[in-house]
Amino acid sequence: MSFLELCRQRRSIRNYTAQPVEKQKVEQILQAALMAPSAKRLQPWQFVVVDDKAMIEQLAACKQYGSRMLLEAPLAIVVAADASLTDTWQCDAAIAAHNMLLAAEDLGLGACWVHVYEREQAEEHVRALTGIPDNLNVLCIVSIGYKNEQRRTYELEKLPYEKIHYGKF
Ligand SMILES: Cc1cc2nc3c(=O)[nH]c(=O)nc-3n(C[C@H](O)[C@H](O)[C@H](O)COP(=O)(O)O)c2cc1C
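Residues numbered from 1 in each chain as written. Predicted model: local features only at pLDDT ≥ 70, side-chain atom pairs only at ≥ 80, totals over all residues. Heavy atoms only, no water.

**Student:** Can you break down the site of the ligand residue by residue, with the values?
**Tutor:** R11, S12, R14, K63 and Y154 are the nearest of the 13 residues found near the ligand. Contacts to the ligand include K63, whose side-chain N or O atom sits 2.7 Å from an oxygen atom. Here R151 contributes a side-chain N or O atom positioned 3.3 Å from an oxygen atom of the ligand. Here the ligand, which alone exposes 620 Å², has 61% of that area covered by the protein. In terms of residue class, the shell around the ligand is built from five nonpolar, three polar and five charged. (Near = heavy atom within 4 Å. Polar contact = N/O pair within 3.5 Å; in protein donor to acceptor, adjacent residues only side chain to side chain. Areas by Shrake-Rupley, 256 points an atom, 1.4 Å probe, with all protein chains shown as cover. Nonpolar A, V, L, I, M, F, W, Y, C, P; charged D, E, K, R; others polar.)

Have a look at this one:
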C-alpha cells in the first residue's frame, strides 16, 4: 500500500472486536513511535502499553466524553512526554502518537486518539492508574484493536484544498 493510500484509509476507529492484538504487531506499532522525529532528537516521549482489560476499562473513565471506545479496546498505549526537556514536547508526542495510528492501520488494525492533556481530570486519573510520574505530561491514549466497524475512506477529490495557499495566503 502506498503512503497516500494509507493516509486515505486511516480513519478513527472506535469499535473493536475482542480479538487481542498480537505481540508482534504491538512491537511494530511501538517501533513506529520510536522512529518518530522530535526536535533536536530529544525524544521526550514515554509510552505505557496497557493490555489488561480491567485497567483499560479504568482508563476509559478518565473523562466524561470521547473515551468510551476504550471499554472495548484490547490495547491502549498512553503517550506522555517530559516538558522540561523541550518546549516542543507536545508536537513530538503528537507525531509519535500519529505514527502509531498509521502503523495500526497498516497492520490491519483500527485505532483512535483519546485526548488527555488539559481535559477535565483526565491527566491525574491516567497518572494515578499508570504510575506516570508528575514530571511527565500525559498527552493522549491511543486505543487499538481489530476493527468492528467500517468507515469511509477519504476521497482525494473531496479534500479541503481551499486550505492550501501557494506563495502567499
Ligand atoms: C489532537 C486530537 C485529539 C482527539 N481527541 C479525541 C478524543 O478525545 N476522543 C475521540 O473519540 N477522538 C478524538 N480524536 C479523533 C478525531 O475526532 C478524529 O481524528 C477526527 O474526527 C477526524 O476523523 P478521522 O480520524 O476518522 O479522520 C482526536 C484527534 C486528535 C488529532
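Picking up after the structure, the text goes on.
**Student:** If you had to explain helix α3 (residues 53-60) to someone new, which residues and values would you point to?
**Tutor:** Within the span of α3, buried status applies to M55, I56, L59 and A60. Projected down its long axis, α3 carries its buried residues within an arc of 150°, all on one side. Packing partners of the buried residues in α3 comprise β1 (45-50), β2 (75-81), α5 (122-130) and β4 (137-145). (Buried < 20%, exposed > 50% of the residue type's maximum accessible area, 1.4 Å probe, protein only. Helix = DSSP H or I, 4+ residues; strand = E, 2+ residues; numbered from the N terminus. Arc of directions from axis to C-beta. Contact = heavy atoms within 4.5 Å.)

No statement about biological role is implied by the geometric values presented.
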